[in-house]
Amino acid sequence: MSTPTPIRGYTATKDQLLARLRRVEGQVRGIEKMVDEDRYCIDVLTQISAIQAALDKVALGLLDDHARHCMHEGAAEGRADEMATEMMAAVGRLMKRG
């Protein structure tokens, strides 16, 4: 007997999420090619900035889904404080850069 796949906050938007991640993957490969071709440093940095912005958008979408789905379920189970602490820790990790 197999265990059913759990429903995650992003389940409804999973296809969009995967499409975004594939685009980011393509951008990373593009930067690799730019470095291989000895492109101008600022051009490479500009593309890195674009990737970071794209990943931030993915992260914000996941946080939104988490707040609307996972935290809602956690609150219904009496785990609201635990879920809020967990989410704030994730936000803190996302905000730390460099």
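Anyway, here's the lowdown on the structure attached to this text. (Residues numbered from 1 in each chain as written. Predicted model: local features only at pLDDT ≥ 70, side-chain atom pairs only at ≥ 80, totals over all residues. Heavy atoms only, no water.)

Some words on the side chain of Asp65
Piece 1. Structurally, the position occupied by Asp65 is in helix α2 (residues 41–76).
Piece 2. No salt bridge is formed by the buried Asp65; its nearest oppositely charged neighbour, Arg68, is found at 6.2 Å.
Piece 3. For Asp65, the side chain forms a polar contact with the side chain of Thr13, separated by 3.3 Å. (Helix = DSSP H or I, 4+ residues; strand = E, 2+ residues; numbered from the N terminus. Buried < 20%, exposed > 50% of the residue type's maximum accessible area, 1.4 Å probe, protein only. Lys, Arg positive; Asp, Glu negative; His and termini not counted. Salt bridge = Lys/Arg side-chain N within 4 Å of Asp/Glu carboxyl O. Polar contact = N/O pair within 3.5 Å; in protein donor to acceptor, adjacent residues only side chain to side chain.)

Notes on unusual backbone geometry
Piece 1. With a phi angle near 55°, Asp38 is a residue other than glycine that sits in the positive phi range.
Piece 2. By the secondary structure assignment, Asp38 is in the loop between α1 (14–36) and α2.

Looking at the pattern of salt bridges
Piece 1. As enumerated under the stated definition, the model contains five salt bridges in all.
Piece 2. Between Glu37 and Lys33 there is a salt bridge, and its shortest N-O distance comes to 4.0 Å.
Piece 3. Lys33 sits in the exposed class, given a relative accessible area of 52%.
Piece 4. Linking Glu82 and Arg79 is a salt bridge whose minimum nitrogen-to-oxygen distance equals 3.3 Å.
Piece 5. Looking at Glu82, the relative accessible area reads 47%, which means it is partly exposed.
Piece 6. For Arg79, a relative accessible area of 30% puts it in the partly exposed group.
Piece 7. In this structure, a network of salt bridges that share partners links the residues Glu77, Arg79 and Glu82.

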